[in-house]
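# Structural overview
The residues making up each chain are set out below.
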Amino acid sequence: MNHSAQCTVRVRGLAKAFGANQVLRSVDLEVAKGEVVVIMGPSGSGKTTFIRSLNLLEMPDRGSIEICGIALAEPASLPGGELRRKTLQIRQKTAMVFQSFNLFPHMTALQNVIEGLISVKGIAKSIARERGLALLGKVGLSEKADAYPGKLSGGQKQRVAIARALAMDPDVILFDEPTSALDPELRDDVLGVMRELAKEGMTMLVVTHETRFARDVADRIIFMEGGHVIEDCTPGHFFSANASERCKQFLGRLH
Ligand code: ADP
């Protein structure tokens, strides 16, 4: 297999400013198929902006993105039609799980999971329903299929959101602090589902401060600061005495 076939995500020179605030300064990253990459770093270092840029929820000012062979060079300067087409193609390959779940409150858990299957993929309702129920089973929520989000705990809502992401059959899942809005005792169920996905070989980019998850599940840890990747290493190195002083200082403050 050649290198480009193995590479699921390739980012080059990604830069983004909000006004005078230069949030990303030429970020490069390659993620292979099946890799779990955890992105850590202090608040405000650009982690969320980075993963939101990958599926164009934020428009980068400069740089290129390639996801599963769909290449988008300098998206900010592309003609509108081409940008929309490529953005759609990239979003068909990637799913995103947000800190705040983003479920539709007027839809049941099952309806949330299958909405995209019906409206975006045009799959028949009965087939979508079957698939949705299977996915709710996978995240341990079979009995909540008909519950509305208002009746679910934060951890259950996040598991519905993961089932919804899986329904679209993505090649890559982007997780933006998926457990940071949850009480500590609700985090484990969500992290457990994410561990299972990692074991099954899902390619995952995860912004998180969960050090145990990072240590146990990540293949690589990216440490960002000031809009740069300042460390790209194995968890073994990141959590060892050989890590850079900056990483050790950061980890020291987390505990
Ligand atoms: P992190 O995820 O590492 O905490 P973010 O990517 O959320 O960092 O934010 C990086 C910086 O970009 C912060 O200073 C934040 O205030 C700013 N920022 C993020 N999104 C926006 C936006 N939509 N408009 C203006 N500033 C933003």
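Just so you know, these numbers come straight off a predicted model, no measurement behind them.

Turning our eyes to something else, we now look at the overall build of the chain. Each helix and strand in the chain was counted, giving 10 helices and 10 strands. For a compact globule of 255 residues, the expected C-alpha radius of gyration is about 18 Å, and the chain comes in at 18 Å, within 12% of that figure. Principal-axis analysis of the C-alpha atoms places the extent of the chain at approximately 50 × 45 × 40 Å. For the chain, with 255 residues in total, the buried portion stands at 41%. Look at the contacts in the chain between residues 6 or more apart in sequence, and 64% of them connect residues 24 or more apart.

Mapped onto the present numbering, the UniProt feature "domain: ABC transporter" (unreviewed entry) falls on residues 9-251. A helix fraction of 39% and a strand fraction of 26% characterise residues 9-251, whose end C-alpha atoms lie 27 Å from each other.

Membership of the largest hydrophobic core comes to 69 residues, with the highest contact counts inside it found for Val-38, Ile-39, Val-113, Ala-163, Ile-173, Met-204 and Leu-205. No other element matches helix α6 (residues 154-167), which puts 7 residues into this core. For Val-38, the contacting residues outside a window of four places in its chain are Val-206, Thr-208, Ala-214, Ala-218 and Ile-221.

Of all residues in the chain, 97% attain a pLDDT of 70 or more, and the chain-wide mean is 94. Overall fold confidence for the complex sits at a pTM of 0.95, while the interface term, ipTM, reaches 0.98.

All right, on to the sheet that holds strand β10 (residues 228-233) then. Strand pairing within a sheet occurs via backbone hydrogen bonds; the two strands may be parallel or antiparallel. Across the sheet, 6 strands lie side by side as β6-β7-β8-β3-β9-β10; this open sheet has mixed pairing. The two strands at the open ends of the sheet, each matched to only one other strand, are β6 (94-97) and β10. Adjacent strand axes in the sheet meet at a mean angle of 20 degrees, parallel and antiparallel pairs treated alike. Examined bridge by bridge, strand β3 (residues 36-40) and strand β9 (residues 220-225) share 4 bridges and lie parallel to one another. Along β9, the bridge assignment pairs Val-37 with Arg-220. Contacts between α6 and the sheet are confined to β6 and β7 (172-176), with β6 contributing the most and set at about 175 degrees to the helix.

A few words on the site of the ligand. Every residue close to the ligand is listed here: Phe-18, Asn-21, Val-23, Gly-41, Ser-43, Gly-44, Ser-45, Gly-46, Lys-47, Thr-48 and Thr-49. Listing elements by their share of the shell around the ligand, those giving two or more residues are β2 (21-32) and α2 (47-54). Looking at which element gives the most residues to the shell around the ligand, the answer is α2, with 3 residues.

Moving on, we come to α2. Along α2, 6 of the 8 residues are buried, which leaves the element largely enclosed by surrounding structure. Inspection of α2 places Lys-47, Thr-49, Phe-50, Ile-51, Ser-53 and Leu-54 among the buried residues, and these make up the whole buried set. Following α2 by one or two positions, Leu-56 has its phi on the positive side, about 65 degrees.

Let's shift gears to the environment of Leu-254. Structurally, the position occupied by Leu-254 is in helix α10 (residues 245-254). Judged by the 10 C-beta atoms lying within 10 Å of it, Leu-254 is exposed. Along the backbone, Leu-254 and Ala-161 are 93 residues apart, and their C-alpha atoms lie at a distance of 27 Å. Here Leu-254 is in contact with His-209 and Thr-211, once residues within four sequence places are set aside.

At a minimum axis separation of 8 Å, α6 and helix α7 (residues 184-199) run at an interaxial angle of 15 degrees. When the axis of α6 is compared with that of α7, the two are roughly parallel. Here α6 and α7 pass one another in a crossing that is right-handed. Only Leu-186, Arg-187, Asp-189, Val-190 and Val-193 of α7 make contact with α6, whose side of the interface consists of Gly-154, Gly-155, Gln-158, Arg-159 and Ile-162.

Definitions and limits used
- Residues numbered from 1 in each chain as written.
- Predicted model: local features only at pLDDT ≥ 70, side-chain atom pairs only at ≥ 80, totals over all residues.
- Helix = DSSP H or I, 4+ residues; strand = E, 2+ residues; numbered from the N terminus.
- Rg over C-alpha atoms; globule rule 2.2 N^0.38 Å.
- Buried ≥ 20, exposed ≤ 12 C-beta atoms within 10 Å, placed from the backbone.
- Contact = placed C-beta atoms within 7 Å.
- UniProt positions renumbered as here; feature names shortened; annotations may be inferred.
- Core = buried A, V, L, I, M, F, W, Y, C linked by C-beta atoms within 7 Å.
- pLDDT = per-residue confidence, 0-100.
- Pairing = 2+ DSSP bridges.
- Axes fitted to C-alpha atoms, helices over the stretch in contact; angles between N-to-C directions.
- Near = placed C-beta within 6 Å.
- Parallel < 35°, antiparallel > 145°, perpendicular 65-115°, else oblique.
- Left-handed = near helix turned anticlockwise from the far one by under 90°.

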